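What follows is the residue order along each chain.
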Amino acid sequence: MSKKIVVLTGAGISAESGLATFRGADGLWEGHRIEDVASPEGWARNPELVLDFYNQRRSAARNAQPNPGHFALVALEKVYEVVIVTQNVDDLHERAGSSRVIHLHGQLFESRSTRHEQLVYPMTSDRIELGELCEKGYQLRPNIVWFGEAVPLMERAIEEAATADIFMVVGTSLQVYPAAGLLEFAPQHCPIIVIDPHQPPLMGRRNVRFVTEPASTGVPRVATELLSEY
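Residues numbered from 1 in each chain as written. Predicted model: local features only at pLDDT ≥ 70, side-chain atom pairs only at ≥ 80, totals over all residues. Heavy atoms only, no water.

1. With respect to the packing of aromatic side chains
To describe a pair of aromatic rings, you give the distance between the ring centres and the angle between the ring planes.
Next, step 1: Inspection of every chain in the model, using the stated rule, returns three aromatic pairs.
Next, step 2: On the numbers, 5.8 Å between centres and 40 degrees between planes, the contact of Trp 43 with Trp 146 is tilted. Here Trp 43 is found in helix H3 (residues 40-45), whereas its partner Trp 146 is found in the loop between strand E8 (140-144) and helix H7 (154-161), with 103 residues between them in sequence. Like Trp 43, the residue Trp 146 is buried in the burial classification.
Next, step 3: Aromatic side chains Phe 53 and Tyr 54 sit 5.1 Å apart centroid to centroid with 90 degrees between the ring planes, which places their arrangement in the edge-to-face category. (Phe/Tyr/Trp six-rings, centres within 6.5 Å; stacked < 30°, edge-to-face > 60°. Helix = DSSP H or I, 4+ residues; strand = E, 2+ residues; numbered from the N terminus. Buried < 20%, exposed > 50% of the residue type's maximum accessible area, 1.4 Å probe, protein only.)

2. Some details on the environment of His 103
Next, step 1: Note on placement: His 103 falls in strand E5 (residues 101-103).
Next, step 2: On the basis of relative accessibility, which here comes to 5%, the residue His 103 falls in the buried class.
Next, step 3: The spatial distance from the C-alpha of His 103 to the C-alpha of Ala 157 is 9.2 Å, given a sequence separation of 54 residues.
Next, step 4: In contact with His 103, not counting residues within four places along its chain, are Thr 86, Asn 88, Val 89, Asp 90, Glu 94 and Leu 153. (Contact = heavy atoms within 4.5 Å.)

3. Digging into the sheet that holds strand E7 (residues 120-122)
Next, step 1: Read from one edge of the open sheet, three strands run E7-E6-E8, paired in antiparallel fashion. Strands with a single pairing partner mark the edges of an open sheet, and in this sheet they are E7 and E8. Looking at each pair of strands side by side, their axes are set apart by 45 degrees on average, direction ignored.
Next, step 2: With respect to the sheet, helix H4 (residues 47-63) is in contact with strand E6 (106-113) and E8, its orientation differing from that of E6 by roughly 140 degrees. (Pairing = 2+ DSSP bridges. Axes fitted to C-alpha atoms, helices over the stretch in contact; angles between N-to-C directions.)

4. Some points on the packing of helix H5 (residues 68-76) against helix H8 (residues 215-228)
Next, step 1: Interaxial distance between H5 and H8 falls to 7 Å at its minimum, and their mutual angle equals 15 degrees. In terms of axis orientation, H5 runs roughly parallel to H8. For the element pair H5 and H8, the recorded crossing hand is left-handed. Between H5 and H8, the contacting residues are Pro 68, Gly 69, Ala 72, Leu 73, Ala 75 and Leu 76 on the first element and Ala 215, Ser 216, Val 219, Pro 220, Ala 223, Leu 226 and Leu 227 on the second.
Next, step 2: Counted by class, the contact of H5 with H8 contains eleven nonpolar, two polar and no charged residues. (Parallel < 35°, antiparallel > 145°, perpendicular 65-115°, else oblique. Left-handed = near helix turned anticlockwise from the far one by under 90°. Nonpolar A, V, L, I, M, F, W, Y, C, P; charged D, E, K, R; others polar.)

5. With respect to the nonpolar core
Generally speaking, soluble globular proteins have nonpolar side chains that are buried together.
Next, step 1: Counting residues in hydrophobic clusters, the biggest one holds 25 residues, and the most contacted among them are Val 85, Leu 104, Phe 167, Leu 174, Leu 182 and Leu 183.
Next, step 2: Those elements that place two or more of their residues in this core are strand E1 (4-9), strand E4 (81-86), H7, strand E9 (166-170) and strand E10 (192-195).
Next, step 3: Here the element with the most residues in this core is H7; it accounts for four residues.
Next, step 4: Of all hydrophobic cores here, the second largest spans 23 residues; its members include Ile 34, Tyr 54, Ala 61 and Leu 92. (Core = buried A, V, L, I, M, F, W, Y, C linked by side-chain atoms within 4.5 Å.)

6. Digging into the pairing of E6
Next, step 1: Within E6, seven of the eight residues are buried, which leaves it mostly tucked inside the rest of the structure.
Next, step 2: In terms of strand pairing, E6 meets E8 through five bridges, oriented antiparallel. Residue pairing in the sheet places Ser 113 in a bridge with Leu 140 of E8.
Next, step 3: Where E6 lies against E7, three bridges are found, and the strand directions are antiparallel. Counterpart to Glu 110 in the pairing with E7 is Pro 122.
Next, step 4: What sits between the antiparallel neighbours E6 and E7 is a turn of six residues.

7. Describing the pairing of E4
Next, step 1: Taking burial as the measure, the six residues of E4 include five buried ones, the bulk of the element.
Next, step 2: Pairing between E1 and E4: six bridges, direction parallel. From the neighbouring strand, Val 6 faces E4, where its bridge partner is Val 83.
Next, step 3: Note: E4 against E5, three bridges, orientation parallel. Of the residues in E5, the one forming a bridge with Val 85 is Ile 102.

Dropping the structure here:
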């Protein structure tokens, strides 16, 4: 039976494909306050601004390409069961070829009804327009989990983490909750490998290895080591 690797990925792996990280050093996201473009209150104030913001993010993501970090995670599937839990809303993991990806914070290339959360639609274009409605007549919005909203796939992610044989953390500062709390559910014996140029704080865990490199070099290095063990 294959060992199971659960991988928590964050903005760092997407940044190496040229996508802006969620929160810059100035606290802004692409020049906007987070509250204005990633909260129900921002949507209520100015839905047109929010739609335009994500329309631009979609265009940027479509032009981006997966990097060696993404492809190294795909390579691990040759011999391991690999489940990726990502905080990223882009589709770079899928485009690289990863077969099991849980998007905690939603998916950029999906729209959903503002009233009926279960009405989710795949997008073929990069744009959602004001006045574009779901089948029940309500405005469409990005299928993104904004600040203050529930994270519907968190329970599923916890179930995966609880059965991990190896837990990898790639390109995340472990500052955004509840995603950062996923580590708490990994078995105590489970080795943890953190791949990031910085060392996010990990309290109360043993068997932690830090690989202080960007994802594009650190993940291929670790993947080569793990594949050589088989």
